[in-house]
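What follows is each chain in one-letter form.
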Amino acid sequence: MRFYAQTPARRNRQVLVDLIAVALIGAAVWAAFAVREAILLLAEPGRKVESAGDSLAEELGNAGDAASDVPLIGDILKKPLQSAASASSGFADAGVSLQETVGQVANVITTALILVPVLFILLLWLPPRLVWIRRSSTLRRLANTPGGADLLALRALTGPPGALDELPAPPGGWADAWRQGDRQAITDLSMIALNRIGLRP
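Structural notes, computed from the coordinates. If you're wondering where the values come from, they're calculated on a predicted model, not measured in any experiment. (Residues numbered from 1 in each chain as written. Predicted model: local features only at pLDDT ≥ 70, side-chain atom pairs only at ≥ 80, totals over all residues. Heavy atoms only, no water.)

Taking 1.5 Å as the rise per residue, helix 6 (residues 183-197) with 15 residues should run 21 Å; its terminal C-alpha atoms sit 22 Å apart, in good agreement. Looking only at helix 6, the buried set comprises Ala-185, Ile-186, Asp-188, Leu-189, Ser-190, Ile-192, Ala-193, Leu-194 and Ile-197. Once helix 6 ends, the next one or two residues include Gly-198, with phi positive near 100 degrees. (Helix = DSSP H or I, 4+ residues; strand = E, 2+ residues; numbered from the N terminus. Expected span 1.5 Å × (residues − 1). Buried < 20%, exposed > 50% of the residue type's maximum accessible area, 1.4 Å probe, protein only.)

With that settled, the discussion passes to the layout of surface pockets. Roughly 170 Å³ of volume is contained in the largest pocket. What lines the largest pocket is simply Arg-10, Arg-13, Gln-14, Val-17, Trp-125, Pro-128, Arg-129 and Trp-132. Looking at the lining of the largest pocket, the elements with two or more residues in it are helix 1 (8-40) and helix 3 (74-143). Partitioning the lining of the largest pocket into residue classes produces four nonpolar, one polar and three charged. (1 Å grid on protein atoms, 1.4 Å probe; cavity = no way out; pocket = protein on both sides within 12 Å on 5 of 7 lines; lining within 4 Å. Points joined across faces, edges and corners; volume = space filled by probe spheres on them. Nonpolar A, V, L, I, M, F, W, Y, C, P; charged D, E, K, R; others polar.)

A separate point is the packing of aromatic side chains. Where two aromatic rings form a pair, the distance of their centres and the angle of their planes describe that pair. The tally for this structure, following the rule as stated, stands at zero aromatic pairs. Its end group placed over the ring of Tyr-4, Arg-129 keeps NZ or CZ at 4.9 Å from the ring centre. (Phe/Tyr/Trp six-rings, centres within 6.5 Å; stacked < 30°, edge-to-face > 60°. Lys NZ or Arg CZ within 6 Å of the ring centre and 35° of its normal.)

A cluster of nonpolar side chains, Met-1, Phe-3, Tyr-4, Val-15 and Leu-19, forms an exposed patch at the surface whose accessible area comes to about 540 Å². As for its position among the elements, Phe-3 is in the segment before helix 1. Accessibility expressed as a relative area gives 49% for Phe-3, which makes it partly exposed. (Patch = residues over 30% accessible without salt bridge, like charges linked within 9 Å, V, L, I, M, F, W, Y side chains within 5 Å. Areas by Shrake-Rupley, 256 points an atom, 1.4 Å probe, with all protein chains shown as cover. Salt bridge = Lys/Arg side-chain N within 4 Å of Asp/Glu carboxyl O.)

To continue, consider helix 1. Side chains that are three or four residues apart share a direction in an α-helix, a result of its 3.6 residues per turn. Over its 33 residues, helix 1 extends 48 Å from the first C-alpha to the last, a length consistent with the 48 Å expected when each residue adds 1.5 Å. Within helix 1, burial applies to Gln-14, Asp-18, Ala-21, Ile-25, Ala-28, Ala-32 and Ile-39.

The residue Leu-40 is located in helix 1 in this model. A residue is classified by how much of its surface remains accessible, and Leu-40, at 23% relative accessible area, is partly exposed. In sequence terms Leu-40 and Glu-100 are 60 residues apart; their C-alpha atoms lie 10.0 Å from each other.

What follows covers the side chain of Thr-7. Along the chain, the position of Thr-7 falls in the segment before helix 1. Under the relative-accessibility criterion, Thr-7 is labelled buried at 16%. If sequence neighbours within four positions are ignored, Thr-7 has contacts with Asn-195, Gly-198, Leu-199 and Arg-200. (Contact = heavy atoms within 4.5 Å.)

Set out below in structure tokens:
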């Protein structure tokens, strides 16, 4: 099984197309992660709310503990401060929730920005490459079987007529030479059929 043609012109085109496909996939992945980083910046307010809520809850909790030491009214002062500390913890939880939501959105968008372009590129790139690999393997096996050269010659005769202009036609034409079993003509025609797909005899 060959992945690239043997003739330089076709092989160079295949390598160029492969490099372009890989570069486009790499660019799509890079762009997706750049967008992800931009989206994650939206989580910064959530981090600030979380930090502020935690700090406020801690300060109010400390104030409540200190107020409990006040004689007679310590317990009365402590309760509202503890309630305020609990409310501040709720602000911190809201900040965490915002960060988690932004992270989930960033993950979904990043996945979509990677999958859609990559699948599109693969659909344009892989089928022709796989068809060429299968076809080249078939022709190579055909060339190595008994009578394979005759079938390749027939393939060249039924293909684009311009390909036959590469070699001088024998007396009576290519078709007549093939019907008469002219070995040189059959060899030349089979070579044309292989060259057309980028293979060498």
